[in-house]
Amino acid sequence: MMLEALYIHIPFCKAKCNYCDFLSFTGCTVELQHRYIEALKKEALLKNQKLDLEVNLKSIFFGGGTPTCLSSGLLVHLLDFIQANFPVEQGAEISVEANPGTVNKEKLQLLYEAGVNRLSFGVQTFNKEMLKILGRIHTPEDIYASYALAREVGFTNVNFDLMYGLPGQDLKDWERTLLKALEFNLEHISAYQLKIERGTPFGQQMEEGVLQEFDDELALDMYKLADDYLGNKGFIHYEVANFAKPGYKCRHNEIYWRTKPYLGLGPGAHSFFPPQRIENLGELSSYINMLEEGDSPPCISEELTIPSLMSETMFMGLRLLEGVNLEDFYSRFGQDARSVFSGAIKKCLSNGLVEINNGYIKLTHLGLYLGNIVFEEFLSDN
Ligand code: SF4
């Protein structure tokens, strides 16, 4: 299979958000930034040598962390290096995650001129108080300013990440978030429910009883509202949590959802070369030190069995609203998904959660709202 996607993890943030369990560190010095970029370059070369795959990158994604915490000079240097060492398709999607308040015109201009063509802003909410509660460093004004700069320098593909199910949030507040986001004429919106993870300040508050589990029914109403409002404003709901104007689906994430191979660089990054999954360990100093010594970074790898690969193909593919193409499934595994998952399909069909149409198995509208039940069925039926 062809390697089409490269993910580069930039694990630095200005401050740690109260809900964040991503691998990111604060207090990054300029020296550390330089050492980290050099380590990433070494890992890229090592992985490139070891790959037993054809490469034609359709997507390069700088995620984090906050990639825009780095100087643009370093990001551009890294991007140039990647383009010089990996075949990159003409017109490939090149995305950078950015946080409002961490960009200025010069930074965005440099990224744009270097070939970055998609910006994804971690907006989450426009509510000033909520932003503080979340521990975000930006203000609503920063969102407007950063967005305006992005358009000014020429970006034509901009995403906002939004979040619902925030502590104390009601439906009205979420509606205001959606309406404000719609004022921006965006190409893409992601809408995720806040998950409280152990080991975060919010997780701690939950253990202490200060923070309560968010009400499931209210969360579902919020999800339905996003589905309605965005759908009515020309967005295609193409993945459980993602909405795009025609022609602007996130190509990078589509490669994940279609369980195609991808390479991840950086501590904590995942790579997938079916049937092998590799996870770099998340220790920043050992990552840098080992690469400085010329060794591969510490990682764990797992060989997926064919049944678990098939389950993963269904579980991930059903997140896409177009569903899983049955012919593609057959040509990949030599088996019919309808036989392999006969139990799950029968149950979900009779409950009205999935449908089979024109060679695709996909979620129904009801199934979209009860996606977790469907995914569970497919994970346990193999
Ligand atoms: S900006 Fe993103 S990665 Fe950084 S701490 Fe906040 S949630 Fe985590």
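Residues numbered from 1 in each chain as written. Predicted model: local features only at pLDDT ≥ 70, side-chain atom pairs only at ≥ 80, totals over all residues.

## Describing helix 5 (residues 140–153)
The terminal C-alpha atoms of helix 5, which comprises 14 residues, lie 21 Å apart, in line with the 20 Å expected from a rise of 1.5 Å per residue. What helix 5 keeps buried is the set Ile143, Ser146, Tyr147 and Ala150. Seen along its axis, helix 5 keeps its buried residues to an arc of 100 degrees; they face one direction. Helix 5 presents Glu141, Ala148 and Glu152 as exposed residues on the side facing more than 90 degrees away from its buried surface. Tucked into the core, helix 5 has its buried residues touching helix 3 (105–114), strand 4 (118–124) and strand 5 (158–164). Trailing helix 5 by a residue or two, Gly154 shows a phi angle of about 120 degrees, which is positive. (Helix = DSSP H or I, 4+ residues; strand = E, 2+ residues; numbered from the N terminus. Expected span 1.5 Å × (residues − 1). Buried ≥ 20, exposed ≤ 12 C-beta atoms within 10 Å, placed from the backbone. Arc of directions from axis to C-beta. Contact = placed C-beta atoms within 7 Å.)

## Here we look at the sheet that holds strand 14 (residues 354–357)
Strand order in the open sheet made by the 3 strands is 13-15-14, with antiparallel pairing throughout. What marks the edges here is a single partner per strand, and that holds for strand 13 (324–325) and strand 14. Direction of pairing for strand 14 relative to strand 15 (residues 360–363): antiparallel, over a ladder of 4 bridges. Paired with Glu355 across the strands is Lys362, a residue of strand 15. (Pairing = 2+ DSSP bridges.)

## What to know about the packing of helix 14 (residues 342–350) against helix 16 (residues 371–380)
Direction vectors running N to C along helix 14 and helix 16 enclose 155 degrees, while the axes themselves pass 8 Å from each other. Of the possible angle classes, the one that applies to helix 14 and helix 16 is roughly antiparallel. Crossing of helix 14 against helix 16: the hand is right-handed. Packed against helix 14, whose contacting residues are Ala344, Lys347 and Cys348, the element helix 16 presents Val374, Glu377 and Phe378 at the interface. (Axes fitted to C-alpha atoms, helices over the stretch in contact; angles between N-to-C directions. Parallel < 35°, antiparallel > 145°, perpendicular 65-115°, else oblique. Left-handed = near helix turned anticlockwise from the far one by under 90°.)

## Regarding the domain arrangement of the protein
What the domain assignment reports for the protein is domain 1 (3–257) and domain 2 (323–380). Distance between the C-alpha centres of domain 1 and domain 2: 30 Å. (Domains from an automatic or database assignment.)

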